[in-house]
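Observations on the model geometry
Now for the letters of each chain:
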Amino acid sequence: MRKISLFIAMSLDGYIAKPNDDLSFLKLVEKEGEDYGYAEFTADVDTIIIGRKTYDYVLKEIGPSHYDNGQRDVYVITRTERPQIGRTTFYTGSLTELIDRLKSEKGKNVYCDGGAEVINELLKNSLIDEFIISIIPVLLGNGTKLFKDERPEQILEFISAKTFETGLAQLRYKRKI
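Residues numbered from 1 in each chain as written. Predicted model: local features only at pLDDT ≥ 70, side-chain atom pairs only at ≥ 80, totals over all residues. Heavy atoms only, no water.

This paragraph deals with the pattern of salt bridges. Applying the stated rule across the entire model yields 13 salt bridges. The partner of Asp56 in a salt bridge is Arg52, and the shortest N-O contact between them spans 2.8 Å. Linking Asp56 with Arg52, this pair stays in helix α2 (residues 52-61), spanning four residues, or about one helical turn. The exposure class assigned to Asp56 is partly exposed, which follows from its relative accessible area of 28%. A salt bridge links Arg101 to Glu105, with the shortest nitrogen-to-oxygen separation between them at 3.2 Å. (Salt bridge = Lys/Arg side-chain N within 4 Å of Asp/Glu carboxyl O. Helix = DSSP H or I, 4+ residues; strand = E, 2+ residues; numbered from the N terminus. Buried < 20%, exposed > 50% of the residue type's maximum accessible area, 1.4 Å probe, protein only.)

Moving on, we get to the nonpolar core. In this structure, Leu6, Ile49, Ile77, Leu95, Ile119, Leu122 and Leu146 are the most contacted members of the largest nonpolar core, which totals 26 residues. Within the residue set of this core, elements represented by two or more residues are β1 (4-11), β4 (73-77), α3 (95-104), β6 (109-112), α4 (116-124) and β7 (130-136). Here this core gets five residues from one element, more than from any other, and that element is α4. Not counting residues up to four positions away in its chain, the partners in contact with Leu146 are Leu6, Ile8, Met10, Gly14, Ile16, Ile119, Asn120 and Ile133. With 14 residues, the next largest nonpolar core counts Tyr38, Ile48, Tyr55 and Ile132 among its residues. (Core = buried A, V, L, I, M, F, W, Y, C linked by side-chain atoms within 4.5 Å. Contact = heavy atoms within 4.5 Å.)

Attention shifts here to the layout of surface pockets. Computed from the structure, the second largest pocket encloses a volume of approximately 340 Å³. Lining the second largest pocket we find 19 residues, and of these Gly37, Glu40, Phe41, Gln170 and Arg172 sit closest to its centre. Broken down by secondary-structure element, the contributors of at least two residues to the lining of the second largest pocket are α1 (38-42), β9 (156-163) and β10 (169-175). Here the lining of the second largest pocket is built from residues that sort into six nonpolar, five polar and eight charged. (1 Å grid on protein atoms, 1.4 Å probe; cavity = no way out; pocket = protein on both sides within 12 Å on 5 of 7 lines; lining within 4 Å. Points joined across faces, edges and corners; volume = space filled by probe spheres on them. Nonpolar A, V, L, I, M, F, W, Y, C, P; charged D, E, K, R; others polar.)

Moving on: the sheet that holds strand β5 (residues 88-91). Strands pair in a sheet through their backbones, by hydrogen bonds, and they do so in one of two ways: parallel or antiparallel. Spatial ordering of the open sheet is given by β5-β4-β3-β6-β1-β7-β10-β9, a layout of eight strands whose pairing is mixed. Looking at strand neighbours, the two that pair on one side only are β5 and β9, the edges of this open sheet. Neighbouring strand axes in the sheet, compared pairwise and without regard to direction, differ in orientation by 20 degrees on average. Of the strands in this sheet, β3 (45-51), β4 and β5 are in contact with α2, which crosses β3 at around 105 degrees. Strand contacts of α3: β1, β3, β4, β5, β6 and β10, with the helix running at about 165 degrees to β4, the strand carrying the most contacts. (Pairing = 2+ DSSP bridges. Axes fitted to C-alpha atoms, helices over the stretch in contact; angles between N-to-C directions.)

Here it is as structure tokens:
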């Protein structure tokens, strides 16, 4: 069965974005030639789930090929219907039904790249199997929290921790069943 993995960065105090969806703090750890395991991680992924705001930001900053490279399916979770573009589907249905369907299909793993609303909907339904969280060495003080309140407790099993010379620390856990 395919697993759903979260691969995301946050500030030390738990924010994935500054106010106004500002992700500029991620630049603090940019280093030429360092991808923090992203290429290795995505090699085992053939499907991406992403919230519409995060998708729009990445589209503007990096370009459409970051997600839809012709090698994987992309589901943008949105409230507004839009036509499919390449392998990118703008999905307006039930997120839990989508995950159930994807998990039952053959294929590689499914990568959730955010945003906070999508992540927390998945957490409310205990649908994230693996957590890879990179901690950026900054305290932002406010913004968009990675983990919102009002979700069930979930026990995680520690897999590994890795540190990098930029000060980034990457934690890997799996959901304990």
